[in-house]
Number of protein chains: 2
Amino acid sequence: MSFQKLDELGHKLESLEHALSILGADEATHMASGGGEKRAEAMSNLAGMYHEQATAPEIADWIADAEKAELTEDGARALREFKRSYTNATCLPTEFVRRRTQATMLSEQLWRDLRAKNDWQGFRPALEGVVKLVREEAQLRADALKLAPYDALMDQYDPGNRVANVAPVFERLKTFLKGFLPEALAAQNRRLTERPLKPFAGPYTVEKQRDLGLAAMAAVGFDFDHGSLSVSHHPFCGGVPSDVRITTRYRTDEFLSSLMGVLHETGHALYEQGLPPEWAHWPLGKARGMGVHESQSLFVEMQLAHTREFWEFAMPLVHQHMGHDAMRGWEVDDVLNRVNHVERGYIRVDADEVTYPLHVILRFELEQDLVNGKLEVADLPEAWDAKMSEYLGLSTLDNPKDGPMQDVHWPGGAFGYFPSYTLGALMAAQQWAALEKAVPTVRDDIRQGNFAPLNDWRRENIWLQGSRWSTPELMERATGEALNADYFIAHLKKRYGA
Amino acid sequence: MSFQKLDELGHKLESLEHALSILGADEATHMASGGGEKRAEAMSNLAGMYHEQATAPEIADWIADAEKAELTEDGARALREFKRSYTNATCLPTEFVRRRTQATMLSEQLWRDLRAKNDWQGFRPALEGVVKLVREEAQLRADALKLAPYDALMDQYDPGNRVANVAPVFERLKTFLKGFLPEALAAQNRRLTERPLKPFAGPYTVEKQRDLGLAAMAAVGFDFDHGSLSVSHHPFCGGVPSDVRITTRYRTDEFLSSLMGVLHETGHALYEQGLPPEWAHWPLGKARGMGVHESQSLFVEMQLAHTREFWEFAMPLVHQHMGHDAMRGWEVDDVLNRVNHVERGYIRVDADEVTYPLHVILRFELEQDLVNGKLEVADLPEAWDAKMSEYLGLSTLDNPKDGPMQDVHWPGGAFGYFPSYTLGALMAAQQWAALEKAVPTVRDDIRQGNFAPLNDWRRENIWLQGSRWSTPELMERATGEALNADYFIAHLKKRYGA
Ligand SMILES: [Zn+2]
Ligand SMILES: [Zn+2]
C-alpha cells in the first residue's frame, strides 16, 4: 500500500537526517581541526542522497494513491504534511538548485572575509547575485504553492504565515515600541539610580558554570536520557529528538550569559524531546516551524527565566553550584536588572527583548522589498540606515559590517526567516497568558521549582502536536485566539514600563 | 570510463563509511543513554544504503570493463581490491545484512546490560540468534570465495589468512606457552623477591592522567590535527583517517593501565593517519586487516612502551605531567616489573603478553566449532570452562560474565576476528626484528624520545602500503620472511624467561 511505502521511505530519510544532525553537532563540538574537508564532503554527499531519495518521481504517485485510501485522522494529516514537504522539495529544478548552492556558498565565503574588512562595495555584487536567484526561487515556489513570492519563502519556515497576517501585527508592535523604548530607557535609568548594577564576583570556573547549567536544565525538565550539554563557539540546539545536543560557551568574568544561553537552548531541546515519537519518521512528527521553535526557547528564556519567581527558585541553585560568594550581596532584583537590561544597539544578536523586534521588523520590511523588486541591493545601505535611524536612533551608513552586513542569513540566501524570531517572542507571550489561565498556580509552582504543570501544558498543546497544524492553527488551538501582539506588549509594559 | 565510475562510487561509499564511523565513535563516547534505539535504526539503514550502493549489479560490469583498460600498477591493484570487496559485499543479500545489523546491534545493547548482571541465561537467546546468522553468513561467504566457512570469515579481517597456515603457528605457540608460563611465573617470583613491587603513590587525577596520555601520544607521533582522545567504557580506535577518535578509561589508584591503553590505541591511530590519502576512497587506501592493525598497536604498546629504553625516555615525562611524587622511589625496573607482570586471569583484555595468546587460542578453537556447528551456544559455558582449566588452570562455570560473556565480539557477530590479536603480536615481534636490522640505532633513538626513524620505517613498509598486498604478502615484503612464531617466542623468552 502506498501509505506503507511512504512510511518506509520516512524511516530511510529519518536515518539520513539522523546522520546529518549528529555529524553537524559533532563538527561543532568534537571534530579534529583537520577533519573539516572530509566532513564537508561526507555531509554534502549524504545531503545529495537525502535529496535524491526525497524527490524521487514515484513518490508523487504514492501520495496521489494514498490520498484515495481510508486513513485515520492523523494518517490524513501525516499525508498532507508529506505532500507539503515533497512539493517544497521538488518545486526547484536541479539545475537551479546547483546554481543557487554555488552562488550562496561563494557569497557566504566572501561575506566572512569582507565583513571583517567592512567592505560593502566588494561584497555588493555577490549579494546582488544571491538576491537575483532568491527572486527566481520565490517565483518558482510561488507558482508551485499558489502563494505570493515572499509568502512562499516564509512558508518554508512557518507554514501558514502570510504577510497579510504578520504585517499588521508587526506594524502594531513597531508603533508601540517606537513610543515605548524611550519610556523603558527612562524607567530603567530611575531603577538603576535607586539600585546600581552589582559587580560580578568572578572569576567563575567553567566546571562550576557547567554544573549550574546542568542543574538548571534538569530543573526545567531537560531529559538527560535523551540529550546532553557540551561546548561550541556558536551555541546551538542540534542532534535528534532521541539525543538532543545543546551547547553553550563560557566566559569567566560573568556566568549569566552562559546560563541564559543554556536555558534558551533547553527551550528548543524540550520541544524536540517532547515531539510525538510514533511519528518521528514523518514530517508530521517534526517541530512545526522556526517561529514555533523560537517560541519554545523564548518561553524558557524570557517568560520563565527572566522572572522574579524563577530567580526566587534559582538563587539557592546558584549558591549550591557556584558557592555563596558567587553572587555576594546580590538580591533577586539585582539579577533582574542584569538580565532585563535594555539598550539601543547596532547588532541584532546582542539585542534585548525590547529592541530585538525592531531589528527584525527592519529586516522583514527590507527583505520583502528586495524579493519583490522594490528595493535594489545598491540602495540597501541607505534604506537600512533610514530605518535604523527611525526605529533605534542609530546610523549605520559608515559601518556596513554592523549594518546590512551583520547577519549570515542574506548572504546564505535565507530570506523569509527573520520574522520567525519575533513571531516566536509574540507566541511565547501569548502561550504564557494561556498557560496562566489554564494553570493559575503556575507562578507559585515556579517559585518552588516545580516545572511539571507548566511543561505538561506545553507538552499537550505544543510539543505533542508536532506538525499536525499550520503555525497559525497551532497557536489558535493552544491559546484560543489568533496570533496578536497584545500579550507581548502587555508583557513588555509589565517588565520594562514605568 | 569505468575506472572513473568506480572512483565516483568510492567517494559516495567513503561518505557513508564516514557517517557510520563517526556515529559509531559518538555512540560510545557522547551519545545520550536513551539515544541507542534510534541510533541503531539509523546505522542499520545507513549500512543498508552502503550495502545497496556497494553491491549494485552494474558494478560488476564496470569492474570487468576496467580490467580490460590500461591501468597504472596501483590502479590495477586498486581494481583488484575493489573486486575483492565487491565479491565480499555481494555474497550477502541486502535483506540479510539488514537483519544481521539489527540483530547484532540489539544483542550488543543487551550484552552491555546483562553482562553487568552476570545473566547468561537472559543473554543466551540473543547470542543464539547471532550464531545462527553467523553460520548462515559463513556459508554464503564460503560459497562466494571458494573457501571453507571459517576461512571465509577470517578472510574479511585479514585477507589471505587461512586456518591451514594459522593453526600450526598457534599450535606451536600454545605448546610453547603451556610449558613457558610456569617458568615465567617462577622467574617472576624470583625477580619480585629481589625487588618487590613498589606501591603506587596515587590517587592520580583524571586531568593529570589525560595530560600525560596526550603528551605520550604526541611523543610517539599522533597527529592532533587529525584526531583526538576521549573517554569510553571500552577503549577503542575509531573515526576516520582525517579524524581518528581514540578513547581510554581512567582509574585513580594507578595510571599505568590507562597510559598503556592510550599507547596501544595510538598505535592503531598512527596506522590510520599514515594510510595513503590519495586512495582514501578506495579499498586500496584502507588498512590491510585487523591482524596487521593489531600489529601496529602492539608494536607501540609491547615492542616500544614496555621496554627499558622507552622508560628511560618516559620517566621524565611522567614527572613533568604527574608531578615528581607520582612515582616516588620508582626506578625503570620497577615500572618494567609492573607493566610486564604475568598472571593467570579470567579476562582477556586484562591479560598480559604471555597469557593473552592462550585466551585468543581458546576463542579461535571455540569459534571454529561454533561456526562449523560442532558446538552450540547452550554448551559454551562448559566448553569454555574446560579450555580455561586446561590452558590457565581457572574455572569460569559459575561466573559467565568473566567467561564467555566477557567480550563484545560474539554479541556483535564478529567471528573470525579473535585470531587477529595474537597474529598481531606475532607480526609486531617480527616487524621489530626487521626494523632493528634496518635501523640499528633504534634503541638509542627511543631512549632519546626520537620516534621518527622508527615511524619512517613503519610508514614506508606498512602504513603507506594500504591494502596493496594480502596480509601474508605484506608481512613477507616488510620482514623478508613468512609469518612465524619464532620472533615472538624469542621476545617472550628474553623478556620473561629465567
Ligand atoms: Zn533560538
Ligand atoms: Zn587493539
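How each quantity is defined
Counting restarts for each chain, with residues numbered from 1 along the sequence as it is written. All chains are assigned letters beginning at A, and all ligands numbers beginning at 1, according to the order in which they are written. Totals for whole chains, interfaces and linings use every residue, but because this is a predicted model, local features are given only for residues with pLDDT of at least 70 and side-chain atom pairs only at 80 or more, for both listing and counting. The basis for every side-chain value is the complete set of heavy atoms in the structure, and neither hydrogens nor water enter the calculation. Only DSSP runs of H or I reaching four residues or more are called helices, and only runs of E reaching two or more are called strands; each is numbered from the N terminus. Each radius of gyration reported is based on C-alpha atoms, and the globular scaling rule is 2.2 Å times the count of residues to the power 0.38. Buried residues are those whose accessible area, probed at 1.4 Å on protein chains only, stays under 20% of the maximum for their type, while exposed residues exceed 50% and partly exposed ones sit between those limits. Pairs of residues are marked as contacts when any of their non-hydrogen atoms sit within 4.5 Å. To be clear on the numbers: accessible area is Shrake-Rupley with a 1.4 Å probe, and residue cover counts the displayed protein chains and nothing else. Residues scored as charged are limited to Lys and Arg (positive) and Asp and Glu (negative), so that His and the chain ends carry no count. By convention, the charge on Lys lies at NZ, on Arg at CZ, on Asp at CG and on Glu at CD. Because no water is among the atoms considered, metal sites can look incomplete, with donors defined as N, O and S atoms within 2.8 Å of the metal, or 3.2 Å for Na, K and Ca. Here the term cavity refers to a set of points on a 1 Å grid, laid over the protein atoms alone, in which a 1.4 Å probe fits but cannot get out; the term pocket refers to an open set having protein on both sides within 12 Å along at least five of seven lines, with lining residues being those that place an atom within 4 Å of a point. Grid points are joined across faces, edges and corners, and a volume is the space filled by probe spheres set on the points. Gly is put with the polar residues, along with every residue not named as nonpolar or charged; the nonpolar set is Ala, Val, Leu, Ile, Met, Phe, Trp, Tyr, Cys and Pro, and the charged set is Asp, Glu, Lys and Arg. UniProt positions are given in the numbering used here, feature names are shortened, and annotations may be inferred rather than shown by experiment. The buried area of a pairing is the accessible area, by a 1.4 Å probe, that goes missing from both parts when the two are put together, added over both. One side-chain nitrogen of Lys or Arg within 4 Å of one carboxyl oxygen of Asp or Glu is enough to make a salt bridge. Distance and chemistry together define a polar contact, namely a pair of N or O atoms within 3.5 Å, with one atom able to donate a hydrogen and the other to accept it when in protein, and with adjacent residues in sequence counting only for side-chain atoms on both sides. Where each domain starts and ends follows an automatic or database-derived domain assignment. Residues reaching a pLDDT of at least 70 in both copies supply the C-alpha atoms on which the copies are superposed by least squares. Here the axes come from fitting lines to C-alpha atoms, over the contacting stretch only for helices, and the angles between their N-to-C directions go from 0 to 180 degrees. In these notes the angle categories are as follows: under 35 degrees is roughly parallel, over 145 is roughly antiparallel, 65 to 115 is roughly perpendicular, and the rest is oblique. Should the near helix be turned anticlockwise from the far one by less than a right angle, the crossing is termed left-handed; should it be turned clockwise, right-handed.

As recorded in an unreviewed UniProt entry, chain A goes by Metal-dependent carboxypeptidase and comes from Paradevosia shaoguanensis.

**Student:** Just give me the short version of the overall build of chain A, but keep the residues and values in it.
**Tutor:** If you tally the helices and strands in chain A, you get 20 helices and 3 strands. Over its C-alpha trace chain A gives a radius of gyration of 23 Å, about what one expects of a compact globule, namely 23 Å for 498 residues. Its C-alpha atoms put chain A at 70 × 50 × 50 Å along the principal axes. By the burial criterion, 56% of the 498 residues in chain A qualify as buried. Restricting the contact set of chain A to residue pairs at least 6 apart, pairs at least 24 apart contribute 73%. Of the roughly 20,500 Å² of accessible surface on chain A, a fraction of 53% belongs to carbon and sulfur atoms. Across chain A, the mean location of the 54 positive side-chain charges is 2 Å away from that of the 73 negative side-chain charges.

**Student:** Any chance you could break down the coordination of the zinc ion (ligand 1) for me, citing the residues and the numbers?
**Tutor:** Tetrahedral coordination by four donors puts the ideal angle at the metal at 109.5 degrees, and octahedral coordination by six puts it at 90 or 180 degrees. Residue and element names in this part refer to chain A. Around the zinc ion (ligand 1), the protein supplies His264 (NE2), His268 (NE2) and Glu294 (OE) as donor atoms, at distances of 2.1 to 2.4 Å. In terms of primary sequence, the donors binding the zinc ion (ligand 1) are separated according to H-x3-H-x25-E. On the criterion of sequence distance, the pair formed by histidine 268 in helix α10 (residues 256-274) and glutamate 294 in helix α11 (residues 290-304) is long-range, its members being 26 residues apart. Grouping residues by exposure puts histidine 268 and glutamate 294 together as buried.

**Student:** Run through empty space enclosed by the protein, naming residues and quoting values.
**Tutor:** Residue and element names in this part refer to chain B. A complete count under the given rule lists 6 cavities of 30 Å³ or more for this structure. Counted as a void, the largest cavity has a volume near 40 Å³. Considering the residues around the largest cavity, the lining is formed by Leu212, Ala216, Leu259, Leu263, Phe310, Trp311, Ala314, Leu317 and Val318. Among the secondary structure elements, those contributing two or more residues to the lining of the largest cavity are α9 (206-220), α10 (256-273) and α12 (308-322). Among the elements that make up the lining of the largest cavity, the one with the highest residue count is α12 (5 residues). For the lining of the largest cavity, the class distribution of residues is 9 nonpolar, no polar and no charged.

**Student:** Break down the UniProt feature "binding site: Zn(2+)" (unreviewed entry) in chain A for me, with residues and values.
**Tutor:** Residue and element names in this part refer to chain A. In this structure's numbering, the residues bearing the UniProt feature "binding site: Zn(2+)" (unreviewed entry) are His264, His268 and Glu294. Taken along the chain, the residues just named run across 31 residues; in space they keep tight, none of their C-alpha pairs more than 8.9 Å apart. Residues contacting histidine 268, with those up to four places away along its chain left out, are Cys237, His293, Glu294 and Ser297. Glutamate 294 gets classed as buried once you look at its relative accessible area, which sits at 13%.

**Student:** So what about the coordination of the zinc ion (ligand 2)? Which residues, and what values?
**Tutor:** Here the zinc ion (ligand 2) is held by His264 of chain B (NE2), His268 of chain B (NE2) and Glu294 of chain B (OE), and the distances to it run 2.1 to 2.3 Å. Judged by its relative accessible area of 11%, histidine 264 of chain B falls in the buried class.

**Student:** Would you mind going over the interface of chain A and chain B in detail, with residue names and values included?
**Tutor:** Chain A puts 33 residues into the contact, and the matching count from chain B is 33 residues. Taken over both partners, the interface formed by chain A and chain B buries close to 2,700 Å², and the fraction arising from carbon and sulfur atoms is 52%. Ranking the residues of chain A by area buried against chain B places His18, Lys38 and Met49 of chain A at the top, with a combined share of 18%. A salt bridge links arginine 245 of chain B to aspartate 26 of chain A; the nearest nitrogen and oxygen atoms lie 2.7 Å apart. The interface formed by chain A and chain B includes 20 residue pairs in polar contact (both at pLDDT 80 or more).

**Student:** Give me the domain arrangement of chain A: which residues, what numbers.
**Tutor:** Residue and element names in this part refer to chain A. Entries for chain A in the domain assignment read domain 1 (2-157) and domain 2 (159-498). Taken over C-alpha atoms, the centre of domain 1 sits 26 Å from the centre of domain 2. Taken together, the contact pairs 51 residues of domain 1 with 62 residues of domain 2. With both sides pooled, the region where domain 1 packs onto domain 2 buries about 4,700 Å², and carbon together with sulfur makes up 65% of that total. Looking only at domain 1, the three residues that lose the most surface to domain 2 are Trp120, Tyr150 and Tyr157, adding up to 19% of its buried area. Our count for the contact surface shared by domain 1 and domain 2 stands at 6 salt bridges.

**Student:** Describe the relation of the copies chain A and chain B, naming the residues involved and giving the relevant values.
**Tutor:** Mapping chain A onto chain B calls for a screw motion: a turn of 172 degrees about the axis and a shift of 1.0 Å along it, with 1.6 Å RMSD after fitting. In this assembly, 100% of the residues forming the interface of chain A have copies in chain B that are likewise at the interface, indicating an isologous arrangement.

**Student:** Give a description of the packing of helix α1 (residues 2-29) of chain B against helix α3 (residues 58-68) of chain B that names residues and reports values.
**Tutor:** Residue and element names in this part refer to chain B. Direction vectors running N to C along α1 and α3 enclose 135 degrees, while the axes themselves pass 8 Å from each other. For the element pair α1 / α3, the angle class is oblique. Between α1 and α3 the crossing geometry is left-handed. Touching Ser2, Phe3, Lys5, Leu6 and Leu9 of α1 are Ile59, Trp62, Ile63, Asp65 and Ala66, all from α3. Partitioning the contact of α1 with α3 into residue classes produces 7 nonpolar, 1 polar and 2 charged.

**Student:** Outline the side chain of glutamine 431 of chain B, listing residues and values.
**Tutor:** Residue and element names in this part refer to chain B. Following the sequence through the fold, glutamine 431 ends up in helix α16 (residues 419-438). Of the residues examined, glutamine 431 reaches a relative accessible area of 0% and is grouped as buried. Only 3.0 Å separates the side chain of glutamine 431 from the side chain of glutamine 296, close enough to count as a polar contact. Beyond its immediate chain neighbours, meaning those up to four positions away, glutamine 431 contacts Ser295, Gln296, Phe299, Trp457, Ile462, Met475 and Thr479.

**Student:** Just give me the short version of the environment of alanine 482 of chain B, but keep the residues and values in it.
**Tutor:** Residue and element names in this part refer to chain B. With respect to the helices and strands, the residue alanine 482 is situated in the loop between α19 (471-479) and α20 (486-496). For alanine 482 and proline 472, which are 10 residues apart along the polypeptide, the C-alpha to C-alpha distance reads 6.7 Å. Excluding anything up to four places from it in sequence, alanine 482 contacts Gln430 and Glu476.

**Student:** Account for the pattern of salt bridges, naming residues and giving values.
**Tutor:** All names here are of chain B. Evaluated as defined, the whole model comprises 92 salt bridges over all chains. As a salt-bridge pair, aspartate 155 and arginine 162 come within 2.8 Å of each other at their nearest N and O atoms. By relative accessible area, which is 5% here, aspartate 155 ends up buried. For arginine 162, a relative accessible area of 22% gives the class partly exposed. Residues lysine 387 and glutamate 365 are paired through a salt bridge, measuring 3.0 Å at the closest nitrogen-oxygen approach. Placement of lysine 387 in helix α15 (residues 380-392) and of glutamate 365 in helix α14 (residues 356-372) is noted, with a sequence separation of 22 residues between them.

**Student:** Before we move on, can you summarise the packing of helix α12 (residues 308-322) of chain A against helix α13 (residues 332-339) of chain A with the specific residues and values?
**Tutor:** Residues and elements named next belong to chain A. Packing of α12 against α13 leaves a shortest axis separation of 10 Å and a crossing angle of 120 degrees. One finds that α12 runs oblique with respect to α13. As α12 packs across α13, the resulting crossing turns out to be right-handed. Together, Arg308, Trp311, Glu312 and Met315 of α12 and Val332, Asp333, Val335 and Leu336 of α13 make up the contact between the two elements. When grouped by side-chain class, the residues that make up the contact of α12 with α13 number 5 nonpolar, no polar and 3 charged.

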